[in-house]
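An overview of the molecular structure
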Amino acid sequence: MNYFITLTLNGLASGAAYAALALALVIIYQATRLVNFAQPALALLSVYAAYTVTQLTGSYWIGFAAALGTGLLVGAFVERVVVRPIARTSQLNAIIVTLGLLLVVQGGVGMIWGNEQHSFGYAFSYVGRFAPSDVFALVSVGIAALLLFALYRFTPLGLRMRAAAFHPEAARLSGVKVGMMLTAGWGIASLIGALAGMLAGPPFISPNVFDVVFVFGITAAVVGGLDNPFGAVIGGLLIGLGMSYVSGYVGPELATLTALAIVVIVLSVRPDGILSRPTARKV
Amino acid sequence: MTSPTTQREERPAASGAGTTPPRTPGTSRWGALPLPARHLLLAALGLAAVTGLLFATGDLTALRIAAVGYTMLAIAGLQLLVGGSGQVSLGHGAFMMIGAYSMALLVLHQPTLPIVANLGIIVLVSIVAGVAVGAATARLHGPYLAGATLILAVGLPGLTHRYHDFLGGSNGLNIRTAGVPPFLDGLVTTSEWRTLVVWTTVVVGLALLATVSAGRLGRRMRAIRDDETAASMAGIPVGKTKVVAFVIASAAGGLAGGLQAYVLGTVTPSSFTLVLSLTLLAALVLGGIGSLWGALWASVAIVYLEIWATDLARSLNMTRDAENNLPIVFFGIVLILVLRFWPLGVHGALQNLRARLRARSNSS
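Residues numbered from 1 in each chain as written. Chains lettered and ligands numbered in written order. Predicted model: local features only at pLDDT ≥ 70, side-chain atom pairs only at ≥ 80, totals over all residues.

What chain A contains, in helices and strands, is eleven helices and two strands. Reading the helices (α) and strands (β) of chain A from amino to carboxyl end gives α-α-α-α-β-α-α-α-α-β-α-α-α. By the compact-globule yardstick of 19 Å for 283 residues, chain A fits well, its C-alpha radius of gyration being 19 Å. Relative to its full complement of 283 residues, chain A shows a buried share of 52%. (Helix = DSSP H or I, 4+ residues; strand = E, 2+ residues; numbered from the N terminus. Rg over C-alpha atoms; globule rule 2.2 N^0.38 Å. Buried ≥ 20, exposed ≤ 12 C-beta atoms within 10 Å, placed from the backbone.)

Below you can see the structure in the form of structure tokens.
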């Protein structure tokens, strides 16, 4: 029983990181109907930026700020310069260009910082059951989700972003700069992705560190419904719990295949995720 | 590279989605042959071209030519799936892994079986795996299918650690396959012989894929790709056709993986990473989707961009980290640039060029 509680608390803490990554995917999917496979790469870049800054200044929190800043800027830059001109041509090309970005960034990080692991610190002590760092993970993702909700629901910028996502033409006619809103969406999504990276990266970072994290993030997003931010958060926590139990009781090598089983089962029952609403489509 | 004359029949499918090739009056005798016979004839021509190339370039490039061969087979299968039925799979490397490990296990535990039997068994194993995965994911669409197959690609190598004794863990399995048969001894080297075995399998596989793609099944797949609802109203069994497309693609991928294991003599989980799966799909789009010619450009790009990048890194005296990572960065940059300036891939760009040249010669 004691072991079970430990696994549950660990699962919730790692689930927070998956939830943040899923949230990042959902924000971009809502705005552009595109699953951003480059998300782990953007998070990787942010985390390595934090690593370098922390090494230079000796302060974790300056590094943390650097990660979030890098995420915001790189996300916006990538949308503007790389993704937008190509995503226009076809949906498959849009997916492929994010894959291309993933390859370039992952390889580039390996070229600059090396393929070997670097040790990377936690924000707070990680010793003991439900350590301060676990609390920090849950609280920070909770705050990020609340801020995001407030942004979309209560601010003019959020209203414009929603308008640009759901009815680009109508939004443009009412004077919303739709392109600008897409860039903002990518920036915000990558910022949250950077947060996910800062939570999931420790204790060691290497160019492939987020492959498995991304798998759980995309599982969370798909299970919760790619269209639904709340679904992403709930999905992230559920996947965190599920993976923690599987790793603890069966073996960590099977965690990813279990994620696959969860995706297939959930989607066979509800093809658009747990929290999806039925949609009508004209043929 | 001259081999895929095998795919001449496929070209019209790229320009007008789903139209059967028009029978021009000039090729009446050629057109009178049944489709499979035409594809087999072109396959034989392709094999002859590869053989010529192999003897012209010698033993050193044999492994590279073999690599182009099996990569092309894997990408051609993916082409049928993505370009034909419109399902995006990010997990094709997983099927290559299944094929490669099947080959290694067969050679280790049944060393007396001939290579043909091994390849046949591998196709069967991949078909079973394809049916399992395809049936499980048949209801998923678009990004959901991409996500599920991505998880498969990341998760499957974990099995080798789980069953360490049987699958060899992260060290993988090493095999010794039979070399040149006695009657050809002295005529060809071992690697040339293996390359010929690979390409014989590849051209037969490609001829089959081309025949499937030009026939009724291919037409049904393209109908589903263009509009699933309309296709089902026209009486096409959507779910079944999608699973069949998935199974064919996984059989091609598994066979390609088996050939890879046969040529390299070793299989490790680290050669079937997520990057491999992503590279296969990305290369397909880079080469040009909708045509088996695209698969040729794609496989040449995968094999040779890596070699060029490694040479470049060596000549610039880069550090080992840089040298190891330059190929994938190089590939990613080429991919993004090709998509930026030639949205239809290399094959689409070549077609445009040809059309423009023809228009100029007509007007003058």
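Alright, that's what it looks like, and here's the rest.
Our focus in this paragraph is the overall build of chain B. If you tally the helices and strands in chain B, you get 17 helices and two strands. Here the C-alpha radius of gyration of chain B, 21 Å, is about what a compact globule of 364 residues would show, namely 21 Å. Along the first, second and third principal axes, the C-alpha set of chain B runs to 60 × 50 × 45 Å. Out of the 364 residues belonging to chain B, those deemed buried represent 51%. The contacts in chain B between residues at least 6 apart in sequence include a share of 79% that link residues at least 24 apart. (Contact = placed C-beta atoms within 7 Å.)

This next bit is on unusual backbone geometry. Of note in the backbone geometry, arginine 33 of chain A takes a positive phi value of approximately 60° without being a glycine. Examined against the element boundaries, arginine 33 of chain A turns out to sit in the loop between α1 (2-32) and α2 (39-57).

Among the nonpolar cores identified, the biggest contains 219 residues, and Ala19, Ala20, Leu23 and Val263 of chain A together with Leu281 and Leu284 of chain B are the most heavily contacted of them. Element by element, the count of residues in this core is highest for α1 of chain A, at 16 residues. Counting the residues that make up this core, at least three belong to each of domain 1 (35-272) and domain 2 (274-364) of chain B. Filtering out sequence-adjacent residues up to four positions away, valine 263 of chain A remains in contact with Thr219, Val222 and Val223 of chain A together with Gly147, Ala148 and Ile151 of chain B. (Core = buried A, V, L, I, M, F, W, Y, C linked by C-beta atoms within 7 Å. Domains from an automatic or database assignment.)

Residue and element names in this part refer to chain B. Secondary-structure assignment places glycine 258 in helix α13 (residues 238-264). Residues glycine 258 and serine 291, 33 residues apart in the sequence, show an inter-C-alpha distance of 24 Å. If we skip the residues at most four places from it in the chain, glycine 258 touches Gly99, Ala100, Ser102, Met103, Leu119 and Ile122.

A word on the domain arrangement of chain B. Residues and elements named next belong to chain B. In terms of domains, chain B is made up of domain 1 (35-272) and domain 2 (274-364). At the junction of the two partners, domain 1 supplies 23 residues and domain 2 supplies 19 residues. Only α4 (62-85), α5 (92-109), α7 (142-155) and α10 (190-214) provide two or more residues apiece to the side of domain 1 that touches domain 2. The element that contributes the greatest number of residues to the side of domain 1 that touches domain 2 is α4, accounting for twelve residues. Counted by class, the side of domain 1 that touches domain 2 contains 16 nonpolar, six polar and one charged residues. (Nonpolar A, V, L, I, M, F, W, Y, C, P; charged D, E, K, R; others polar.)

Contact residues are listed per partner, giving 40 residues for chain B and 43 residues for chain A. Looking at the side of chain B that touches chain A residue by residue, the classes come out as 27 nonpolar, nine polar and four charged.

Bringing the confidence of the model for chain B into the picture now. Residue and element names in this part refer to chain B. Taken residue by residue, chain B gives an average pLDDT of 81. The fraction at 70 or more is 91%. The model gives residues 1-26 a pLDDT under 50, and that stretch makes 57 contacts with residues more than four places away or in other chains. Listed scores for the predicted complex are pTM 0.82 and ipTM 0.81. (pLDDT = per-residue confidence, 0-100.)

Take helix α6 (residues 156-166) of chain A next. Given 3.6 residues to a turn, an α-helix orients residues that are three or four positions apart in the same direction. All names here are of chain A. All of the buried residues along α6 are Met161, Ala164 and Ala165. On an axial view of α6, the arc spanned by its buried residues comes to 100°, and they lie on one face. Exposed positions of α6 whose direction lies more than 90 degrees from the buried face are Pro156 and Phe166. Tucked inside the fold, the buried residues of α6 contact α1, α5 (132-154), α7 (168-173) and α8 (178-200). (Arc of directions from axis to C-beta.)

In this model, chain A carries an average pLDDT of 83, and 96% of its residues clear a pLDDT of 70 or more. Within chain A, no element has a lower average pLDDT than strand β1 (residues 118-119) of chain A, which sits at 79, and none a higher one than α2 of chain A, at 89.

All right, on to the packing of helix α9 (residues 210-224) of chain A against helix α10 (residues 229-249) of chain A then. Residues and elements named next belong to chain A. Closest axis-to-axis distance for the α9/α10 pair is 7 Å, and the angle between their directions is 125°. Judged by the angle between their axes, α9 and α10 are oblique. Where α9 crosses over α10, the handedness of that crossing is right-handed. Residue-level inspection shows Phe216, Thr219, Ala220, Ala221, Val223 and Gly224 of α9 in contact with α10, the latter providing Gly231, Ala232, Ile234, Gly235, Gly236, Leu238, Ile239 and Met243. A breakdown of the residues in the contact of α9 with α10 according to their chemical character gives nine nonpolar, five polar and no charged. (Axes fitted to C-alpha atoms, helices over the stretch in contact; angles between N-to-C directions. Parallel < 35°, antiparallel > 145°, perpendicular 65-115°, else oblique. Left-handed = near helix turned anticlockwise from the far one by under 90°.)

Here we take up the environment of alanine 49 of chain A. Residues and elements named next belong to chain A. Counting through the fold element by element, alanine 49 comes out in helix α2. A count of 20 C-beta atoms within 10 Å places alanine 49 in the buried class. With residues near it in sequence (within four places) discarded, alanine 49 still touches Ala66, Ala67 and Thr70.

Our focus in this paragraph is the packing of α5 of chain B against helix α14 (residues 274-287) of chain B. Residues and elements named next belong to chain B. At a minimum axis separation of 7 Å, α5 and α14 run at an interaxial angle of 115°. In contact with His92, Gly93 and Ala94 of α5, α14 contributes Leu276, Ser277, Leu280 and Leu281. Classifying every residue of the contact of α5 with α14 gives four nonpolar, three polar and no charged.

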